[in-house]
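# Summary of the model geometry
Chain by chain, the residues run as shown.
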Protein chains: 2
Amino acid sequence: MGQYAAPLRDMQFVLHELLNVEAEVKGMPKHADLDADTINQVLEEAGKFCSEVLFPLNQSGDREGCTYEGDGVVRTPKGFKEAYQQYVEAGWPALGCDPEYGGQGLPAFVNNALYEMLNSANQAWTMYPGLSHGAYECLHAHGTPEQQRIYLPKLVAGVWTGTMCLTEPHCGTDLGILRTKAEPNVDGSFAITGTKIFISSGEHDLSENIIHLVLARLPDAPPGTKGISLFVVPKFIPTEAGEPGERNGIKCGSIEHKMGIHANSTCVMNLDNAKGWLVGEPNRGLQAMFVMMNAARLGVGMQSLGLTEVAYQNSLVYAKERLQMRSLTGPKAPEKAADPIIVHPDVRRILLTQKAYAEGARAFSYWSAMQIDKELSHGDEAVRKEAADLVALLTPILKAFLSDNAFECTNHAMQVFGGHGFIAEWGMEQYVRDARINMIYEGTNAVQSLDLLGRKVLADMGAKLRKFGKLVTDFVEAEGVKPEMQEFVNPLADIGDKVQKLTMEIGMKAMQNQDEVGAAAVPYLRTVGHLVFSYFWARMARIALDKQASGDPFYKSKLATARFYFAKLLPETAATIRQARAGAKSLMEIEEALF
Amino acid sequence: MGQYAAPLRDMQFVLHELLNVEAEVKGMPKHADLDADTINQVLEEAGKFCSEVLFPLNQSGDREGCTYEGDGVVRTPKGFKEAYQQYVEAGWPALGCDPEYGGQGLPAFVNNALYEMLNSANQAWTMYPGLSHGAYECLHAHGTPEQQRIYLPKLVAGVWTGTMCLTEPHCGTDLGILRTKAEPNVDGSFAITGTKIFISSGEHDLSENIIHLVLARLPDAPPGTKGISLFVVPKFIPTEAGEPGERNGIKCGSIEHKMGIHANSTCVMNLDNAKGWLVGEPNRGLQAMFVMMNAARLGVGMQSLGLTEVAYQNSLVYAKERLQMRSLTGPKAPEKAADPIIVHPDVRRILLTQKAYAEGARAFSYWSAMQIDKELSHGDEAVRKEAADLVALLTPILKAFLSDNAFECTNHAMQVFGGHGFIAEWGMEQYVRDARINMIYEGTNAVQSLDLLGRKVLADMGAKLRKFGKLVTDFVEAEGVKPEMQEFVNPLADIGDKVQKLTMEIGMKAMQNQDEVGAAAVPYLRTVGHLVFSYFWARMARIALDKQASGDPFYKSKLATARFYFAKLLPETAATIRQARAGAKSLMEIEEALF
């Protein structure tokens with residue numbers, strides 16, 4: 001049941017028409033030769049793999065789920081292993097990796113586009129290679145040369161996979177209180193003991209080895225987050241020749257039964273004197289792990305975009321086929337027993353909500369990936385610094401705004417199907433269940449909001465936010481004088497002003513009372529998310545206006561979607577700004593006993 | 001895992017302090033003798049049954065689900081049959097039923113309070129007696145004396161259960177195109193043939209007979225909704241003595257696998273020359289069925305309140321126990337490894353959202369039930385008419401606003417648990433899955449919105465809305481002069497004015513273009529929902545102000561919750577009013593091919 005076709009036209013629009021990536025990579029020496037044709041070929045090939053191999057396993061994977069077979073063994077659903085084998089043979093794990101370790105060296109924006117499609121096709125499956133790529137990035141940034149020599153080629157090839165082991169039964173958000181211990185061995189390794197929970201892809205049958213990145217405490221570690229170190233703990237300890245050797249003391253104790261992503265194993269991992277090696281400096285494990293956590297947060301953004309897109313595609317087909325009631329303005333399909341439900345204004349509202357959020361997310365997330373490429377590879381240090389600041393600012397928005405929207409949109413898609421949406425057969429309820437985790441893991445959306453408002457905005461007195469604000473005001477100045485752009489530029493300028501004012505107001509209040517930050521954070525993030533989307537929708541509208549004379553209906557559609565965004569979605573900020581301004585008093589004055 | 005205790009104090013507050021039911025029933029001859037003590041005893045007993053018998057079956061019932069055993073036989077989860085037996089033996093099915101047929105004759109507001117508790121404890125189980133009560137009401141209103149003699153005592157006793165069979169594979173919302181046929185038999189009965197789907201409680205092992213109320217077409221029926229008739233189709237045809245006799249040709253063909261309410265059987269019902277008897281007049285079946293559908297819509301409101309309440313109770317306990325991070329304003333539990341998460345402003349925000357929506361829903365729904373009692377039983381015809389209008393106006397709001405809020409709130413409750421919320425073990429994800437159906441069945445929330453704006457408001461030029469508006473303006477006039485009430489009365493008056501203005505504006509636009517109704521309906525319903533909640537929160541604040549000197553912390557809590565409602569939840573209307581005003585253009589201008 002259901003369908004997925006990679007939205008190649010829109011992906012190419014974002015990459016080539018909105019972002020001009022072919023021109024942008026000229027400033028990045030290691031990507032300078034990349035051309036549009038190569039990118040398009042990669043996307044097309046990946047799209048085929050996603051539609052033909054991964055998508056057909058999505059629903060069956062959900063139904064079957066993973067199986068804990070006892071003694072640490074986990075079996076993935078039927079077909080998962082074969083699909084992973086094909087993925088590896090086609091070289092997809094290497095796409096965005098360093099050529100020094102066998103990678104293809106493509107920029108992050110291409111890899112992110114790949115992940116959008118993988119996630120549309122099968123989020124639970126994609127978490128296996130997705131976490132591996134995060135482990136690759138972490139070891140690539142912080143591993144010793146020896147660790148890089150041993151692990152990176154295997155991770156790049158995809159024959160080994162990776163995980164991140166942070167959470168423990170008593171701590172998730174609050175890593176400062178974690179208890180897993182690492183005792184030094186005489187050979188320079190560490191003996192690690194403790195229990196980790198909620199470890200995605202922690203155990204499975206897809207790869208010959210699993211490389212765990214584990215947070216633990218050294219014996220002399222100071223308390224809190226400044227006493228956490230990072231270790232690489234392989235399931236099988238690599239031999240000198242780099243092949244899987246002795247079985248290590250890290251073992252899956254059970255897997256969780258959960259609301260969604262049934263086909264990804266969520267493992268309890270027991271470490272009993274497991275052998276691990278320090279990654280990065282002692283007691284600075286959180287800093288090293290942040291590379292992986294930031295990658296994972298962008299990854300959640302791509303999961304959310306992927307689900308939004310596939311749910312939209314399916315609900316659109318249904319809305320055109322399902323006949324129910326007549327249009328209030330008279331029959332539109334008089335030859336049929338009833339009109340297709342796409343004639344009804346509210347069905348259009350929830351379809352266009354999905355479309356506008358999917359396309360806005362694509363523009364924002366591909367642009368963000370390009371900023372990561374600039375941060376890592378641009379020839380000019382000032383550009384690198386600027387890009388790094390923008391990425392730091394926008395990562396929590398990418399994670400939280402996109403996953404909130406994906407949950408809203410998969411629910412809209414389900415609602416288009418009515419009662420049929422609630423039935424497993426049609427596959428829509430799975431999207432809702434899968435999308436739900438994205439608001440929780442890799443830092444709940446409330447934690448992202450605090451990260452944005454507290455750490456990224458207020459801590460540097462709004463300096464990073466002003467960098468994004470500069471992009472907005474530059475665009476407003478350039479386009480604000482043009483009559484055809486008024487309908488887009490005016491609301492963009494308006495929300496820009498409001499965000500600035502709101503930020504200052506909260507900043508002032510926070511100096512009196514830090515709880516004002518926590519009270520405002522969630523509606524603040526949604527407000528800034530809309531500023532970001534307004535900016536990208538205005539830019540996309542500019543291009544569509546320029547090109548609509550071509551007669552290509554794509555631009556007409558883009559323009560109509562932009563208009564819908566400003567008319568119906570941006571007004572959410574009228575509420576979120578008020579909620580953010582309403583402050584902490586009504587939250588904090590009620591004593592705990594009175595709840 | 002988990003817990004539920006009937007919120008007796010708040011239920012009693014609503015019934016006795018807000019609604020003064022003991023005084024109100026004096027105007028209803030058949031309830032005039034009912035006193036507060038009796039009501040409280042009933043609620044207390046029911047609360048025990050819910051906590052002790054039904055609640056422990058909720059999670060196990062979800063896990064096991066119903067089983068289709070072949071040949072039309074459905075088995076409910078372990079313990080369901082025994083619990084139903086206890087329910088019947090205690091006489092609960094009879095609580096709100098006519099004494100002429102063995103009922104206890106209590107008012108709807110008591111029965112609704114019972115249903116809140118049943119649904120908190122176990123929504124899937126409650127749907128078996130819930131639909132039976134709907135069938136009772138339909139036959140009580142429209143059955144022939146003979147039908148009433150045969151069926152009502154059995155339904156009142158609970159030894160037989162009931163269903164409503166409306167939906168067919170090609171039609172849900174659009175009953176006008178239904179195809180099930182009813183051919184007259186010589187004995188005055190009809191031979192009914194067709195397929196019905198999504199029939200909740202359609203087959204099970206709880207009762208000795210199942211009474212289906214089936215919509216079908218007579219041979220000479222006009223097309224559309226004016227050609228639909230209602231039939232009573234028993235699983236076993238009653239003998240003269242009123243006992244189950246011959247097996248009828250209505251049989252369950254399969255049950256659906258679905259997102260939630262796993263323990264309620266959602267059946268495909270095949271009718272093959274099933275014997276049925278006409279209920280009400282030929283071709284006026286929809287009118288007769290509306291009694292049941294309206295009861296079902298109020299029932300969905302009670303399901304939604306029930307889930308909101310139980311999810312709140314559980315997330316509150318977790319928020320007080322779970323230690324994670326320190327308060328931004330300094331440690332609150334310095335003796336512990338971290339502070340309980342209830343110290344964090346955003347956790348309080350999502351807890352208070354649940355609390356304010358639960359308590360607002362309780363006030364609104366019990367008050368609505370009391371209007372139903374007035375409509376049915378008041379001695380004064382003018383009062384009956386007034387109450388009937390208010391019930392007609394508010395039923396779609398009760399269904400849609402409460403179920404939207406319940407989905408939001410169960411998701412908030414899940415979010416309080418973080419990753420643990422996504423795991424089946426804790427039970428929170430079940431509430432989200434169960435709550436989701438409430439937005440779909442008995443008319444999707446978009447259909448409710450159209451019913452409100454199109455049929456209940458615009459069709460009578462706002463006459464019914466003005467009746468509710470009169471309650472608001474009377475309260476505003478009486479209380480608006482009192483300084484201590486300003487903070488509640490001012491925003492109430494403001495949202496009242498805005499609803500009036502918005503209604504007129506949409507009405508004007510709709511005269512030009514009927515699609516304006518469909519475009520505005522959903523945000524319009526949410527706006528009016530907040531007007532209703534503002535009214536009840538202001539009234540509850542009045543009582544709390546009057547009684548706070550008593551020192552009872554209940555009133556302090558009520559007042560704080562009212563303040564939270566006005567500060568943080570009512571502002572949603574800033575967005576919904578804009579969205580409603582934004583009109584149809586951005587929805588309708590995009591051609592179907594451009595989606």
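Residues numbered from 1 in each chain as written. Chains lettered and ligands numbered in written order. Predicted model: local features only at pLDDT ≥ 70, side-chain atom pairs only at ≥ 80, totals over all residues. Heavy atoms only, no water.

### Here we look at the pattern of salt bridges
Taken as a whole and assessed by the stated rule, the structure comprises 82 salt bridges over all chains. For the salt bridge of Lys235(A) with Glu203(A), the shortest nitrogen-to-oxygen distance reads 2.8 Å. Pair noted here: Lys235(A) is in the loop between strand E7 (229–234) and strand E8 (236–238) and Glu203(A) is in the loop between strand E5 (190–200) and strand E6 (209–216), with a separation of 32 residues, a long-range link. Judged by its relative accessible area of 11%, Lys235(A) falls in the buried class. You can call Glu203(A) buried: its relative accessible area is 3%. Close ionic contact of Glu69(B) with Arg75(B) constitutes a salt bridge, the shortest N to O distance being 2.6 Å. Its relative accessible area of 46% is what places Glu69(B) among the partly exposed residues. Linked by salt bridges that have partners in common, Asp10(A), Glu116(A), Glu309(A), Lys355(A), Glu359(A), Arg362(A) and Lys558(A) make up one network. (Salt bridge = Lys/Arg side-chain N within 4 Å of Asp/Glu carboxyl O. Helix = DSSP H or I, 4+ residues; strand = E, 2+ residues; numbered from the N terminus. Buried < 20%, exposed > 50% of the residue type's maximum accessible area, 1.4 Å probe, protein only.)

### A word on the pairing of strand E11 (residues 266–279) of chain B
Residues and elements named next belong to chain B. In this structure, strand E5 (residues 190–200) lies alongside E11, joined through eight bridges in antiparallel fashion. The residue bridging Lys-196 from the neighbouring strand is Met-269, located in E11. When strand E7 (residues 229–234) meets E11, the two strands line up antiparallel, connected through three bridges. If you follow Val-232 over to E11, its bridge partner there is Trp-277. Bridge count for strand E10 (residues 250–255) against E11 is five bridges, and the pairing is antiparallel. (Pairing = 2+ DSSP bridges.)

### A look at the relation of the copies chain B and chain A
The operation relating chain B to chain A is a screw motion whose rotation component is 180°, with 0.0 Å of axial translation and a residual RMSD of 0.0 Å. What the rotation and shift describe, once combined, is the action of a two-fold rotation axis. A share of 100% of the interface residues of chain B reappears at the interface of chain A, consistent with the copies meeting face to face through the same patch. (Least-squares fit on C-alpha atoms with pLDDT ≥ 70 in both. Contact = heavy atoms within 4.5 Å.)

### Re the interface of chain B and chain A
With 91 residues of chain B at the interface, the matching set in chain A holds 91 residues. For the pair chain B and chain A, the two sides together bury roughly 7900 Å², of which 64% comes from carbon and sulfur. Per-residue buried area on chain B facing chain A is highest for Phe422(B), Lys568(B) and Phe595(B); these three make up 11% of the total on that side. Applying the counting rule to chain B against chain A returns 34 residue pairs in polar contact (both at pLDDT 80 or more). Taken together, the residues of the side of chain B that touches chain A break down into 46 nonpolar, 23 polar and 22 charged. (Buried area = accessible area lost by both parts, 1.4 Å probe. Polar contact = N/O pair within 3.5 Å; in protein donor to acceptor, adjacent residues only side chain to side chain. Nonpolar A, V, L, I, M, F, W, Y, C, P; charged D, E, K, R; others polar.)

### Side note on the domain arrangement of chain A
Accessible area lost upon the coming together of the parts is a frequently used measure of interface size. Parsing chain A into structural domains produces domain 1 (8–145), domain 2 (160–285) and domain 3 (461–586). A straight line from the C-alpha centre of domain 2 of chain A to that of domain 3 of chain A covers 41 Å. (Domains from an automatic or database assignment.)

### Examining the environment of Lys355(B)
Looking at the secondary structure, you find Lys355(B) in helix H9 (residues 345–377). Among the residues examined, Lys355(B) registers a relative accessible area of 3% and is labelled buried. Counting along the chain gives 255 residues from Lys355(B) to Glu100(B), while the straight-line C-alpha distance between them is 40 Å. Filtering out sequence-adjacent residues up to four positions away, Lys355(B) remains in contact with Leu594(A), Phe595(A), Tyr312(B), Ser557(B) and Thr561(B).

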